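Chain by chain, the residues run as shown.
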Amino acid sequence: FSLTVACAIPAVVFMRRAFYVSSVVCACLHHFAALWWSARVFEEDCPMVVLAHNCALIVVLWFFAAAFQGHHLRALYVAEHDLLIEKLASQSLTSMICDATCWLAGDGDTIVGCDDRFNSTLGRHMV
């Protein structure tokens, strides 16, 4: 049981809802079949209630994994969006104050990036 869930949790990443639901159903059916086969081979008594509870546990674990993944992806999206807004604000402020901008390498002698106004000021393409 734990092997089935542990192998299934990474599959939650970037799934569409229909595919995710079908994956959960397939995992439940797989688990049901494995328990049923195990009960028949080893001649053990496995009531349907145990099978139903195990399948419900799989669904709950998948749900929490999906919720965690969704929360994590949302946090990454918000951070990326905030960085984009900060970058645009910085560029807007720089364009109001400066004639042109360029980025220097750590040695201070190499230009690693510049805007079109810097190229226009120097009369040639710098990067």
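These numbers come from a predicted model, not from an experiment.

Attention now goes to the overall build of the protein chain. Looking only at helices and strands, the protein chain features four helices and two strands. Relative to its full complement of 127 residues, the protein chain shows a buried share of 18%. A sequence separation of at least 24 residues applies to 38% of the contacts in the protein chain between residues at least 6 apart. Accessible surface computed for the protein chain: about 9,700 Å², of which carbon and sulfur atoms make up 67%.

All right, on to the side chain of Asp115 then. With respect to the helices and strands, the residue Asp115 is situated in the loop between β2 (111-114) and α4 (116-122). The class for Asp115 is buried, based on a relative accessible area of 17%. Discounting chain neighbours no more than four positions away, the residues touching Asp115 are Ala100, Thr101 and Trp103.

Before going further, it helps to spend a moment on the pattern of salt bridges. One pass over the structure, following the stated rule, counts one salt bridge. When the shortest N-O distance is used, the salt bridge between Arg117 and Asp115 registers 3.0 Å.

Our next topic: the pairing of β2. In this structure, strand β1 (residues 102-104) lies alongside β2, joined through three bridges in antiparallel fashion. Bridge pairing in β2 places Trp103 opposite Gly113. With antiparallel pairing between neighbouring strands as the criterion, β1 and β2 make up a hairpin whose turn holds six residues, including Gly108 at a positive phi of roughly 85°.

Moving on, we come to the layout of surface pockets. Considered as a void within the structure, the second largest pocket measures approximately 160 Å³ in volume. In this structure, the second largest pocket is lined by Lys87, Ser90, Gln91, Thr94, Ser95, Thr101, Cys102, Trp103, Asp115 and Arg117. Broken down by secondary-structure element, the contributors of at least two residues to the lining of the second largest pocket are α3 (48-97) and β1. With five residues, α3 is the single largest residue contributor to the lining of the second largest pocket. Of the residues assigned to the lining of the second largest pocket, the class counts are two nonpolar, five polar and three charged.

Turning our attention to a nonpolar patch on the surface. A contiguous nonpolar surface patch, about 480 Å² in accessible area, is contributed by Trp36, Trp37, Val41 and Phe42. Inspection of the secondary structure puts Phe42 in the loop between α2 (17-41) and α3.

Turning next to the nonpolar core. Burial of nonpolar side chains together is a common tendency in soluble globular proteins. Counting residues in each nonpolar core, the largest one holds six residues, listed as Val24, Ala27, Cys28, Cys55, Ile58 and Trp62. Residue assignment for this core shows that the elements contributing at least two residues are α2 and α3. Sequence-distant contacts of Val24, defined by excluding residues within four places in its chain, comprise Val59 and Trp62.

Let us look at the state of the cysteines. Across all of its chains, the model carries zero disulfides by this definition. Left unpaired, Cys114 is separated from the closest cysteine sulfur, that of Cys102, by 6.9 Å. For Cys114, a relative accessible area of 19% gives the class buried.

Glancing now at the side chain of Asn119. One can find Asn119 in helix α4. Among the polar contacts listed, one links the side chain of Asn119 to the side chain of His125, at a separation of 3.3 Å. The residues contacting Asn119, other than those within four sequence positions of it, are Cys114, Arg124, His125 and Met126.

Each value, and the rule that gives it
Residues numbered from 1 in each chain as written. Predicted model: local features only at pLDDT ≥ 70, side-chain atom pairs only at ≥ 80, totals over all residues. Heavy atoms only, no water. Helix = DSSP H or I, 4+ residues; strand = E, 2+ residues; numbered from the N terminus. Buried < 20%, exposed > 50% of the residue type's maximum accessible area, 1.4 Å probe, protein only. Contact = heavy atoms within 4.5 Å. Areas by Shrake-Rupley, 256 points an atom, 1.4 Å probe, with all protein chains shown as cover. Salt bridge = Lys/Arg side-chain N within 4 Å of Asp/Glu carboxyl O. Pairing = 2+ DSSP bridges. 1 Å grid on protein atoms, 1.4 Å probe; cavity = no way out; pocket = protein on both sides within 12 Å on 5 of 7 lines; lining within 4 Å. Points joined across faces, edges and corners; volume = space filled by probe spheres on them. Nonpolar A, V, L, I, M, F, W, Y, C, P; charged D, E, K, R; others polar. Patch = residues over 30% accessible without salt bridge, like charges linked within 9 Å, V, L, I, M, F, W, Y side chains within 5 Å. Core = buried A, V, L, I, M, F, W, Y, C linked by side-chain atoms within 4.5 Å. Disulfide = S-S within 2.5 Å. Polar contact = N/O pair within 3.5 Å; in protein donor to acceptor, adjacent residues only side chain to side chain.

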